[in-house]
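Architecture at a glance
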Amino acid sequence: SQLAEENLWALSVHEGESVTVNCSYKTSITALQWYRQKSGEGPAQLILIRSNEREKRNGRLRATLDTSSQSSSLSITATRCEDTAVYFCATDNMGYKLTFGTGTSLLVDP
Amino acid sequence: GGIITQTPKFLIGQEGQKLTLKCQQNFNHDTMYWYRQDSGKGLRLIYYSITENDLQKGDLSEGYDASREKKSSFSLTVTSAQKNEMAVFLCASSMGDTAEQFFGPGTRLTVL
């Protein structure tokens, strides 16, 4: 089965700094999604990047996808305290099921 | 816009008890999902339903039953609660395959 995993368990940055979360996966995919989960809430999708795309942006967020190395990154510029959350990557392969990574916990200090 | 409602928000049960969690969505989405999230871990798929009256097992279906009563609702039953099942159960819905999944706030289960 596919495995998606973020490369770091936790990160801490100061407000205003940029940060990058990385993700690696094991098998071929149709698309990769990045989700954010704030404390006490369910995950919310940030970006969906398809296997034929190399980069996708959404405001301060930028996702990249490298299918040759089976990896993806999510960069956040000008971080804010409200970006504090757990960030997950999730992969799919022509189906209804997503495989979620274990998540990277990001703390943005004021 | 739409919303996913999960009830109850907190569920406390006794070991061996049968417990039911409920989920409602007003997105008019075809597909619904139940995930389990253990502390500090990712989401694991328990059951999903592609359309009304459909039921598909996920990676973690043993010990659980599910029911898609109508398009807007999807229930999950823990058939015999165990102490190692203390986790957050998340319901989600989507338009179809490879689509964004929208999540509810979760039900936190504690087994005494």
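Within every chain, residues take consecutive numbers counted from 1 along the sequence as written. Chain A is the first chain written and ligand 1 is the first ligand written, with later ones labelled in order. Whole-chain, interface and lining totals are the exception, using all residues; otherwise, since this is a predicted model, local features are given only for residues with pLDDT of at least 70 and side-chain atom pairs are given and counted only at 80 or more. Only hydrogens and water are set aside; all other atoms, that is, all heavy atoms of the structure, feed into the side-chain values.

Points about the state of the cysteines
Filter applied, for reference: Note on terminology: disulfide denotes any pair of cysteine sulfur atoms within 2.5 Å. Under the DSSP-based scheme used, a helix requires at least four consecutive residues in state H or I and a strand at least two consecutive residues in state E, with every element numbered from the N terminus. Here's how the labels work: a residue is buried when its accessible area is under 20% of the maximum for its type, exposed when over 50%, partly exposed in between, all with a 1.4 Å probe on protein chains only.
By the definition in use, this model includes two disulfides over all chains. Disulfide pairing places Cys 23 of chain A opposite Cys 89 of chain A at an S-S distance of 2.0 Å. Taking the sign of the torsion about the S-S bond as the criterion, the disulfide between Cys 23 of chain A and Cys 89 of chain A, at about 70°, is right-handed. With Cys 23 of chain A in strand S3 (residues 19-25) and Cys 89 of chain A in strand S9 (residues 85-92), this residue pair connects regions lying 66 residues apart in the sequence. For Cys 23 of chain A, a relative accessible area of 0% translates into the label buried. For Cys 89 of chain A, a relative accessible area of 0% corresponds to the buried category. Two residues, Cys 23 of chain B and Cys 91 of chain B, share a disulfide whose sulfurs are 1.9 Å apart. Across the disulfide from Cys 23 of chain B to Cys 91 of chain B, rotation about the S-S bond amounts to roughly -75°, and the bridge is consequently left-handed.

Examining the interface of chain B and chain A
For the record, the criterion: Only heavy atoms matter for contacts: two residues are in contact if any of them lie within 4.5 Å across the pair. What counts as buried area is the accessible surface, traced by a 1.4 Å probe, that two parts surrender upon association, with contributions from both included. By definition here, a salt bridge exists when the distance from a side-chain nitrogen of Lys or Arg to a carboxyl oxygen of Asp or Glu is within 4 Å.
Taken together, the 23 residues of chain B in the interface contact 22 residues of chain A. Taking both sides of the interface into account, the surface hidden between chain B and chain A amounts to around 1700 Å²; carbon and sulfur atoms contribute 56%. There are one salt bridge connecting chain B and chain A. Taken together, the elements giving at least two residues each to the side of chain B that touches chain A come down to strand S4 (31-37) and strand S5 (43-49) of chain B. At four residues, S4 of chain B tops the list of elements feeding residues into the side of chain B that touches chain A.

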